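# Residue-level structural notes
Chain by chain, the residues run as shown.
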Amino acid sequence: MQGRNLTTGSVFGNIVYFSIPYLFSYFLQILYGLADLFVVGQYCGVSTITAVSIGSQIMHMLTVVIVGLAMGTTVLTAQSVGANDVRRTTKVVGNTITLFFVFSVAMALLLLITVGDIVQVMSTPMEAVKETTVYLQICFGGVPFIVAYNIIASIFRGMGDSKSPMYFIMVACVVNVLLDYALIGGLGMGATGAAVATVLSQTVSVIVALIVIKIRKNGMGVTRADLRPQRVVMWQMLKIGVPVALQDGFIQIAFLVITVIANLRGLNDAAAVGVVEKIIGVLFLIPSSMLSTVSAVSAQNLGAKKVDRAKKTLWEALGITVGFGLVFSVIVQFVAGDMVGLFTRESEVIRLGDQYLRGYVWDCLLAGIHFCFSGFFCACGWSILSFIHNVVAIVLARIPLAYLASVMYPETLYPMGMATNTGSLLSVIICVGAYIWLVRNRKLDVYA
């Protein structure tokens, strides 16, 4: 595997070099998730669309958790690469393979056993229960391949290579779309075809990644000894990855709760919130890419004992996200209705969506700030701080204030949109305090 040394040269240049391929990868993942729904919408009825929609939502949550767990691998790999410690790098890679192989098999079995309960918890309409169950059974069976892709991507990113994962997900997207049209449009397989296409495209992506790894020999070979579980290495990976996975899981649950709150207001409100969530997902591309960028770049510099350079990475990334968030938040105040209108022609949905988006969009600025801090905390091995500030923000601000805004202002969604920002604002305050605590108590001295 060939990576890039992120401990030398322009800090800003390294951030841009790493973040752009990651940003494009994230964008492709969004398209990947929409492809099934788009093709199903062309050839199938409402029950199939509902089945794929619910199934995709569950698989997205699952993928988010897996990516969070893999953050431990990215950080440890980056630290080892930054320290130029090939032996430790092979141990991290080997233990990652062992840990996630066991994890993926266990997760697949558990999900297959509980698939019926999951479908029930999602309050799946009776007409869509059968197809949703089949969709999830096939996707759950392919969990090992989903895990495999994400750990391979995490290793590449830890080595400073964010381009290769972009190519892998690009391959998966192309294969997925082709299979969707062949299986759903050509063979009329409905939700089953969508699930098969998803699993097969991930499988092809993993095969391509393994071929690339085999071709790019750089003398760093993983031996059987590296595959043997080592308590210290696995503990370090889990110490970083588990809090990130839990926080991402809670964030997804919070989004679901807010969706339920909107559903209780009526069909138009629910549709407006649903459309805005899609728009916000695109606007969050840069803030989300900064989290992983700061993690990888700062971790390499900490591994190289360049603490000041790691701090500079954080502050320059903050400058990028604040600038982006401020500019786009202001622009959206004037074009929110037009953006919502791209997804619906219903005037009332556009009116409500315009209100919600104009309030919600400021979260791109605030979330971008705490995403950068979270990336830095992960690089330092303090991902528990990211977990804490996200959970506190969700429980004390985001959900309760969104509910109060919904109840107190039933005629408009603007206050509810603004209420979602309070969670990120609280996270920013906690992050700044945590960063000051880390510096003042010399918690970064271990890397000096």
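Let me sum up the structure you'll find in this document. For every chain, the first residue of the written sequence is number 1, and numbering continues from 1 onward in sequence order. Confidence filtering applies because this is a predicted model: local features only for residues at pLDDT of at least 70, side-chain atom pairs given and counted only at 80 or more, and all residues used for totals across whole chains, interfaces and linings. Side-chain metrics in this entry use all non-hydrogen atoms of the structure; hydrogen atoms and water are not considered.

## Here's the deal with the overall build of the protein chain
- We count a stretch as a helix when DSSP gives it H or I for four or more residues in a row; a strand needs E for two or more, and each element gets its number in order from the N terminus. Assigned secondary structure in the protein chain consists of 17 helices and zero strands.
- Throughout, a residue-residue contact means that at least one pair of heavy atoms, one from each residue, lies within 4.5 Å. Looking at the protein chain alone, contacts between residues at least 24 apart form 83% of all its contacts between residues at least 6 apart.
- Note on charges: Lys and Arg go in the positive column, Asp and Glu in the negative column, and His and the chain ends are not counted at all. One atom stands in for each charge, and that atom is NZ of Lys, CZ of Arg, CG of Asp or CD of Glu. Positive and negative side-chain charges of the protein chain, numbering 28 and 20 respectively, have mean locations separated by a distance of 17 Å.

## Section: the pattern of salt bridges
- Any carboxyl oxygen of Asp or Glu within 4 Å of a side-chain nitrogen of Lys or Arg constitutes a salt bridge here. One pass over the structure, following the stated rule, counts four salt bridges.
- One salt bridge connects Glu348 with Arg351, and the closest N-O pair in it is separated by 2.6 Å. Highlighted residues: Glu348 and Arg351, both in helix 14 (residues 347–360), separated by three residues, approximately one helical turn.
- Among the salt bridges present, the one from Asp354 reaches Arg358, with a minimum N-O distance of 3.0 Å. Residue Asp354 and its partner Arg358 are both found in helix 14; the two are separated by four residues, about one turn of the helix.
- Buried means the residue's accessible area, taken with a 1.4 Å probe over protein chains only, is under 20% of the maximum for its type, while exposed means over 50%, and partly exposed covers the values in between. Take Arg358: its relative accessible area is 23%, and that puts it in the partly exposed class.

## Concerning the nonpolar core
- Residues Tyr135, Leu136, Leu357, Phe376, Phe377 and Met416 are the most contacted members of the largest nonpolar core, which totals 97 residues.
- Among the elements that take part in this core, helix 2 (residues 46–82) stands out by supplying 12 residues, more than any other.
- Not counting the four nearest positions on each side in its chain, Tyr135 is found in contact with Asp36, Val52, Gly55, Ser56, Met59, Ala191, Ala194, Ala195 and Thr198.
- Remark: nonpolar core denotes a set of buried residues (Ala, Val, Leu, Ile, Met, Phe, Trp, Tyr, Cys) joined through side-chain atoms within 4.5 Å. Counting 13 residues, the second largest nonpolar core, distinct from the first, contains Leu28, Ala172, Cys173 and Ala209.

## Focus: unusual backbone geometry
- One non-glycine residue with positive phi stands out, namely Lys305, at about 60°.
- By the secondary structure assignment, Lys305 is in the loop between helix 12 (285–303) and helix 13 (307–341).

## Observations concerning the packing of helix 6 (residues 143–158) against helix 7 (residues 163–186)
- Under this scheme, a helix contributes an axis fitted over its contacting stretch, all axes are lines through C-alpha atoms, and angles between N-to-C directions fall in the 0 to 180 degree range. As a packed pair, helix 6 and helix 7 sit with axes 8 Å apart at the nearest point and diverge in direction by 155°. Put simply, helix 6 runs roughly antiparallel to helix 7. Here Tyr149, Ile152, Ala153, Phe156 and Arg157 of helix 6 lie close against helix 7, whose contacting residues are Ser164, Pro165, Phe168 and Ile169.
- Charged means Asp, Glu, Lys or Arg here, nonpolar means Ala, Val, Leu, Ile, Met, Phe, Trp, Tyr, Cys or Pro, and polar covers whatever is left, Gly included. When grouped by side-chain class, the residues that make up the contact of helix 6 with helix 7 number seven nonpolar, one polar and one charged. Throughout this description, any angle smaller than 35 degrees is read as roughly parallel, any larger than 145 degrees as roughly antiparallel, any in the 65 to 115 degree range as roughly perpendicular, and the remainder as oblique.

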